[in-house]
Amino acid sequence: MNPTLNSGSGGAVGLAAANLSRSRKQVLDLINRLHNTGVGREVDLPLIAVIGSQSAGKSSLIESISGITLPRAAGTCTRCPTECRLVQSGDDWKCIVRLRFTTDRRGHPITPPRIISFGSPILNRSEVEERIRRAQKAILNPSQTDATVFLDNTFELEGDNEIDFSASQVCLEISGPEITDLTFIDLPGLIQTTGSRGQESDIQLVEDLVSSYISRPNCLILLTTTCEVDFQTQGAHRLAKRYDEEGARTVGVLTKPDRIDAGNERLWTPLIRNEEEPLKNNWYCVKQPSPSDLSSGITWQGARDQEVRFFETHAPWSELEDMYKAYLGTPNLVERLSELLSDLIQEKLPEIEQHISRELEIVRNALASLPKEPSNDPFHEIFALLQEFFMDVSKTVEGIPEEGKLLQTIRPRHERFRRAIRNTAPRFSPFERNKWQSSASIPFLENEDGAETDGEDTSDHETEQECALSDQEEAQSVSTDRVVDDPYEEAVDGHYEMYIDAPARPAPHPKTIFIDEVMWRAHNARTRELPHNYPFVVQQAYVSEFYSKWTAPSLTLASFVKATLIKTINDVVRERFCTFGQGHLERRMRAIMQNHILKCFKQCVTQIEWVHSLEDRPFTLNEHYLNDYKVKFKTKYSVERQTRLGSSKFLDAVQTYKPLAYNSYGAQPTATGIHKIIEGFTEVGQSVVASDLPKILPWSDPMEPALNIMADVRAYFQVAYKRYADMIPLAIDKVLIRGITNGLSQFVVNELGILGPEGTAICKDLAREDSRVAERRRTLRARLETLERASSELMIGF
């Protein structure tokens, strides 16, 4: 074991000197408490980093400053950072050694760092050096998970290591009544060669390690430069200047002045005068005890007295002006370091406090954004989540009064479905094919169905969506059996004669059903009926034609509702379960709900087919509604025929009719024409207006039976389509939308299997948290604890 510096009997050493001001001790105590919290990984805390080339005298300097002993031997001694925390306490002196592994053997970061207590507290100063040597051995062999094996006195320390240098740290916490609070880092000495057993990469590794500390703005660089070798060959100064170009944070220290080659002493004094390589805080020169002095047991005070005598008696140091002699000796260096560190701490404390506050907010927000942590009772937690989910589903299908929700999305499709059914209305034309004219709109339907028209002109008012639906319906519908290319027969005075199509004119809609076609179909359907009577199968055939077209839009609506329901419920599942566990429960619930919805959809299709089957025979008890529509349609068709094919003199008289006005003598002119007809109705107790006359007065029309059939079918369509347009959405709502809540809880619980014999294991598996999330939470909590402890120390203050 190397000889060590004796502190003497109860004497304070280093920065524990009694002449340090009270305020300085307070700020040093505060920053040391902050270091103890571990917040140095989060915030750039002020510290002193001791750097230098290999064998530059760093260990002796640190010993003189702090009173502790570091391993010192030939070659590179320090192979990992050594963090020294000095803590003043009322208890006896002790030293606690810990290992902080921040990288593995390949240099990859370990997050968070692995901190291990290395042996019991040291109560005897003489044991510190050996413990540090063994701690460094453990750091250089990180694959050994049980670091305590290196504490065994029989363990051979001279063997090869897994790595030559490491960024992991040996942490020393030294406390006692004579210790002043301070933290500094002794870094490995910079190397230029690796020797036969080293690796070329070690040179850069050590430089990067040193740079990671001295690049911090709040790091005071204690640059040790030995006087044994040429100044320009020592790389530590070059590295310090890279990160502190102005020299504002660097304190230079010349060591081993007693080993300067004879005649070269005056080469170093320009540094002390700050004439060469000037630094804001100057260069200092110190002399530490020689190996023989240490072997003789020299005390710290004895070493300082010897140092004073050396500078007083040896030129050129003794010849320096008095102002520069203040930069000679360890006590002057210690005083200046203490002053610089305390000033830096006081200057940076507001920034440190703000930084810690910002980091606290960031960490708390990050923790809050993480998924909820699994409980110790996953069964009841999952069951509670499921109950909340069932309530969410119930609210969703009942309707949430917000834009874009389930029912709001489906409602426009209800209207689209209604229009698709309405557009299957038979397109009857009250004209023969060779006398075809465009039909007028249907005023009495406009208030009920919107801008509804009848006949071939309807398509001109369809929306693009309705046309798309109509195309789909048409592809699946049953085509009509009317003849459009054969000669038509027209009933005139009880006889049938052929006619030839009229000259070319604007083409009617391809779905138009002409009155002569209706008449031809009715005539061909007769069996044993009396003359001028036609079987009901004609009306039923037309009803079947439009009814057969209703299946496609019904299933289209159901499919849209199914797809919308799946998407909506998936959103509910994600919102309720996305933060639970690793997402297994969310995926299971999504699959279970999709299967459940598909099952309800099949039931819905069955229900639609049943509702559709009810319409296979014409039926209604709403006779008033049916008859009212029949009269209106019959009148519309008849008036159009009379208007365009009937007596123009009579119709012109009706259209130009004006009530009789009294003359200047108060007498009314004699009624003639239309006026006389209206007076006749009045005499028999019937009140009519001129526009009613074409409806009332008989007009011989051979197509009267066809008009009746057309009016029957069109009137029944209004009754049936309105009924059907309500029933299908109601069936979908009951069986598919609201139907998913029927037996939902039992179905989900059974599918999950959480009430079965393996229920507990299933719940644990579902609740298992993603390892990345768990690690993230653990790291954030550790950071939060560190930051909160640091914040508390700042609140306590001095």
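Since the structure is predicted, the reported quantities are computational estimates derived from the model, not experimental observations.

### Here's the deal with the overall build of the chain
Counting secondary structure elements, the chain contains 26 helices and 13 strands. Classification of the 798 residues of the chain by burial places 48% in the buried group. Considering only intrachain contacts with a sequence separation of at least 6, the fraction spanning at least 24 residues in the chain is 78%. When the accessible surface of the chain is summed, it comes to about 39300 Å², and 50% of that surface belongs to carbon and sulfur atoms.

### Details of the packing of aromatic side chains
How two aromatic rings sit relative to each other is given by the distance of their centres and the angle of their planes. The final tally for this structure, using the stated rule, is 18 aromatic pairs. Plain terms: the ring middles of Phe417 and Tyr724 are 6.5 Å apart, the flat faces sit at 35 degrees to each other, and that makes the pair tilted. Within this pair, whereas Phe417 is found in helix 12 (residues 406-422), its partner Tyr724 is found in helix 23 (residues 704-737), the two being separated by 307 residues in sequence. You'll find Phe417 and Tyr724 in the same group, each marked buried. Directly above the ring of Phe560 sits Arg413, whose terminal nitrogen or CZ lies 3.9 Å from the centroid.

### Side note on helix 4 (residues 201-214)
Taking 1.5 Å per residue as the helical rise, helix 4 with its 14 residues ought to reach 20 Å, and the 20 Å between its terminal C-alpha atoms agrees with that figure. By the burial criterion, the buried members of helix 4 are Asp202, Val206, Glu207, Leu209, Val210, Ser211, Tyr213 and Ile214.

### Topic: the nonpolar core
With 101 residues, the main nonpolar core has Leu172, Leu222 and Trp317 as its most contacted residues. Ranked by residues supplied to this core, first place goes to helix 10 (residues 330-369) with 14 residues. Apart from the residues within four sequence positions on either side, Leu172 is in contact with Ile68, Leu70, Thr82, Glu83, Cys84, Arg85, Cys95, Ile96, Val97 and Ile132. Counting 80 residues, the second-largest nonpolar core is a separate cluster that includes Ile513, Leu565, Tyr637 and Leu766.

### Regarding unusual backbone geometry
Only a minority of non-glycine residues have a phi that is not negative, and only a minority of peptide bonds are not trans. Here the bond from Ala315 into Pro316 is cis, since omega is 5 degrees, no more than 30 degrees from zero. Of note, Pro316 is situated in the loop between helix 8 (300-313) and helix 9 (322-325). Of note, the phi angle at Glu277 is positive, near 45 degrees, even though the residue is not glycine. Mapped onto the secondary structure, Glu277 falls in the loop between helix 6 (269-272) and strand 9 (283-285). Not every positive phi belongs to a glycine, and Asn282 is a case in point at roughly 70 degrees. Tracing the backbone through its elements, the reader meets Asn282 in the loop between helix 6 and strand 9.

### Here we look at the pairing of strand 7 (residues 219-226)
In terms of burial, strand 7 is largely enclosed, as eight of its eight residues are buried. Burial of strand 7 is two-sided: the residues Cys219, Ile221, Leu223 and Thr225 facing one way and the residues Leu220, Leu222, Thr224 and Thr226 facing the other way are all buried. One ladder, built from six bridges, connects strand 1 (residues 47-52) with strand 7; its direction is parallel. Considered in strand 7, the bridge of Ile48 is made with Leu220.

### Points about the pattern of salt bridges
A pair can form between side chains of opposite charge whenever their charged atoms are brought close. For the coordinates displayed, the defined rule picks out 42 salt bridges. Among the salt bridges present, the one from Glu173 reaches Arg98, with a minimum N-O distance of 3.3 Å. Taken as a pair, Glu173 in strand 5 (residues 169-176) and Arg98 in strand 3 (residues 94-103) lie far apart in primary sequence, 75 residues in all. Overall, the relative accessible area of 22% leaves Glu173 in the partly exposed class. Judged by its relative accessible area of 29%, Arg98 is partly exposed. For the salt bridge of Glu704 with Lys634, the shortest nitrogen-to-oxygen distance reads 2.4 Å.

### Topic: the environment of Thr299
Topologically, Thr299 is positioned in the loop between helix 7 (291-295) and helix 8. Judged by its relative accessible area of 28%, Thr299 is partly exposed. Along the sequence, Thr299 and Pro289 sit 10 residues apart, while their C-alpha atoms lie 9.6 Å from each other. Side-chain polar atoms of Thr299 contact the backbone nitrogen of Gly302, separated by 2.9 Å.

### Focus on the packing of helix 15 (residues 515-525) against helix 23
It is the contact of helix 15 with helix 23, at a shortest axis distance of 9 Å, that shows an interaxial angle of 95 degrees. Regarding the angle of helix 15 to helix 23, the classification is roughly perpendicular. Along its contact with helix 15, which presents Ile515, Val518, Met519 and Ala522, the element helix 23 presents Pro705, Ala706, Leu707, Ile709 and Met710. Within the contact of helix 15 with helix 23, the residues separate by chemical class into nine nonpolar, no polar and no charged.

### So, the packing of helix 18 (residues 584-613) against helix 23
At a minimum axis separation of 9 Å, helix 18 and helix 23 run at an interaxial angle of 155 degrees. Compared by their axis directions, helix 18 and helix 23 come out roughly antiparallel. Of the two possible hands of crossing, helix 18 and helix 23 adopt the one that is right-handed. Facing Ile597, Cys600, Phe601, Gln603, Cys604, Gln607, Ile608, Val611 and His612 of helix 18, the residues of helix 23 in contact are Tyr724, Met727, Ile728, Ala731, Ile732, Val735 and Leu736. Of the residues belonging to the contact of helix 18 with helix 23, the class tally is 13 nonpolar, three polar and no charged.

### A closer look at the environment of Ala236
Along the chain, Ala236 falls in helix 5 (residues 235-243). Expressed as a C-alpha distance, the spacing of Ala236 and Ala56, which sit 180 residues apart in the sequence, is 9.8 Å. Ignoring anything within four residues of it in the chain, the contact list for Ala236 reads Ile51, Gly52, Ser53, Leu190 and Leu223.

### Looking at the pairing of strand 5
Burial runs high along strand 5: seven of the eight residues are buried. Where strand 2 (residues 82-88) meets strand 5, seven bridges bridge the pair, whose relative direction is parallel. Looking at the pairing, Thr82 lines up with Val170 of strand 5. Here strand 3 pairs with strand 5 via seven bridges, running antiparallel. Pairing of Leu99 across the sheet is with Val170, part of strand 5.

### Considerations on the confidence of the model for the chain
Averaged over all residues, the pLDDT of the chain equals 82, while 84% of them reach at least 70. This stretch, residues 9-19, has a pLDDT under 50; its non-local contacts, to residues over four places away or in other chains, come to 24 contacts. Below a pLDDT of 50 lies the segment residues 451-504, which in the model reaches 100 contacts outside its immediate sequence neighbourhood of four places, other chains included.

Thresholds applied
Residues numbered from 1 in each chain as written. Predicted model: local features only at pLDDT ≥ 70, side-chain atom pairs only at ≥ 80, totals over all residues. Heavy atoms only, no water. Helix = DSSP H or I, 4+ residues; strand = E, 2+ residues; numbered from the N terminus. Buried < 20%, exposed > 50% of the residue type's maximum accessible area, 1.4 Å probe, protein only. Contact = heavy atoms within 4.5 Å. Areas by Shrake-Rupley, 256 points an atom, 1.4 Å probe, with all protein chains shown as cover. Phe/Tyr/Trp six-rings, centres within 6.5 Å; stacked < 30°, edge-to-face > 60°. Lys NZ or Arg CZ within 6 Å of the ring centre and 35° of its normal. Expected span 1.5 Å × (residues − 1). Core = buried A, V, L, I, M, F, W, Y, C linked by side-chain atoms within 4.5 Å. Pairing = 2+ DSSP bridges. Salt bridge = Lys/Arg side-chain N within 4 Å of Asp/Glu carboxyl O. Polar contact = N/O pair within 3.5 Å; in protein donor to acceptor, adjacent residues only side chain to side chain. Axes fitted to C-alpha atoms, helices over the stretch in contact; angles between N-to-C directions. Parallel < 35°, antiparallel > 145°, perpendicular 65-115°, else oblique. Nonpolar A, V, L, I, M, F, W, Y, C, P; charged D, E, K, R; others polar. Left-handed = near helix turned anticlockwise from the far one by under 90°. pLDDT = per-residue confidence, 0-100.

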